[in-house]
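Residue-level listing of the chains:
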Amino acid sequence: MELPRVCELAASLKGAQRSYFRNFIASLRDNPLKRKHFEDIEAELATLDAVAWEHVKASTGPLFMKNETARDWKGAASALNEARAYNFLVRRGYTSVAFIPRHVEGKTPDLRARMGDVDILCEAKTINRSERAGAAHLSAGFFTKLASTIKRADGQMTAFALSPGIRRIVYLAINVDEALQAYADDYLTQIQARRMEFLAPALEIVLDAGSRVVEL
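As the structure is a computational prediction, the values presented were derived from the model and not from experiment.

Peer 1: Requested: an account of unusual backbone geometry, with residues and values cited.
Peer 2: Although it is not a glycine, Ser96 adopts a positive phi angle of roughly 55°. Mapped onto the elements, Ser96 comes out in strand 1 (residues 95–99). The exposure class of Ser96 is exposed, given its relative accessible area of 54%. Notably, Ala202 is not glycine yet its phi reads approximately 65°, a positive angle. Relative to the helices and strands, Ala202 is located in the loop between helix 7 (184–193) and strand 5 (203–208). Using a relative accessible area of 39% as the deciding quantity, one classes Ala202 as partly exposed.

Peer 1: Break down helix 5 (residues 74–91) for me, with residues and values.
Peer 2: Its 18 residues give helix 5 an end-to-end C-alpha distance of 26 Å, which sits within 8% of 26 Å, the value for a rise of 1.5 Å per residue. Those residues of helix 5 not exposed but buried are Ala76, Ala79, Leu80, Asn81, Glu82, Ala83, Arg84, Ala85, Tyr86, Asn87, Phe88 and Leu89.

Peer 1: Describe in detail the packing of aromatic side chains, supporting the description with residues and values.
Peer 2: A complete count under the given rule lists 8 aromatic pairs for this structure. Ring centres of Phe24 and Phe38 lie 5.0 Å apart, and the angle between their planes is 80°; this geometry places the pair in the edge-to-face category. Of this pair, Phe24 sits in helix 2 (residues 24–30) while Phe38 sits in helix 3 (residues 32–46), and the two are 14 residues apart along the sequence. Residue Phe24 is classed as buried on the basis of its relative accessible area, which comes to 4%. A relative accessible area of 2% means that Phe38 is categorised as buried. A ring pair is formed by Phe143 and Phe198, whose centres lie 6.5 Å apart and whose planes are at 5°; its orientation type is stacked. Of this pair, Phe143 sits in helix 6 (residues 140–160) while Phe198 sits in the loop between helix 7 and strand 5, placing them 55 residues apart in sequence. Per residue, the accessibility class of Phe143 equals that of Phe198, and both read buried. Stacked on the ring of Phe143, the Lys or Arg Arg194 has its end atom at 3.9 Å from the ring centre.

Peer 1: Describe the pairing of strand 5, with residues and values.
Peer 2: The side chains of a regular strand alternate between both faces of the sheet. Burial analysis of strand 5 places 6 of its 6 residues in the buried class, which makes it a mostly covered element. Every second residue of strand 5 is oriented toward a common face, with Leu203, Ile205 and Leu207 on one face and Glu204, Val206 and Asp208 on the other, all of them buried. The sheet contact formed by strand 5 and strand 6 (residues 213–215) spans 3 bridges and is antiparallel. Bridge assignment links Val206 to a residue of strand 6, and that residue is Glu215.

Thresholds, definitions, all that
Residues numbered from 1 in each chain as written. Predicted model: local features only at pLDDT ≥ 70, side-chain atom pairs only at ≥ 80, totals over all residues. Heavy atoms only, no water. Helix = DSSP H or I, 4+ residues; strand = E, 2+ residues; numbered from the N terminus. Buried < 20%, exposed > 50% of the residue type's maximum accessible area, 1.4 Å probe, protein only. Expected span 1.5 Å × (residues − 1). Phe/Tyr/Trp six-rings, centres within 6.5 Å; stacked < 30°, edge-to-face > 60°. Lys NZ or Arg CZ within 6 Å of the ring centre and 35° of its normal. Pairing = 2+ DSSP bridges.

Take a look at the structure:
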């Protein structure tokens, strides 16, 4: 029970033949890096209130049952990053922070909140950085993907609520392979240097590289 919410999530999938959590406890014992990864996840999940936790568990659990061996369950890992966005809004002092229920007819932003009389929408996205060549330098392809991700996230929020007074936040988690963690600060510096390419009126961009969270 050192990872109570992670273990609760795993237990909710008990019996799933393709669940990521098969032999989970043994794998944590044998792989210190994996254990540290899930300790970081537990720290984020532990601060969610009961309603937020039920939402994250229900939306993330099924993703851990998919056979994503080639992609290392990146879909599920991306969904867990929504908890990081929720905690960011709470730490920043926003009120009424809540996940938005999914609508069948179209995509919705992940979160809503308020700051005084101002409504806030937040969409959490994940970009994976796993290239080995030129590890310290972000490629043109990465920036193309970054711009496309931000545009798509902003479009989801704009379509959900067209009021011009609503503020929009794109919370971007940049997943970096363990071998590239040393370059995380370099990546943030390079992105910040090109910030004007991504900003739009009433849009805020937050970059989360694990050890650091910065706002453009």
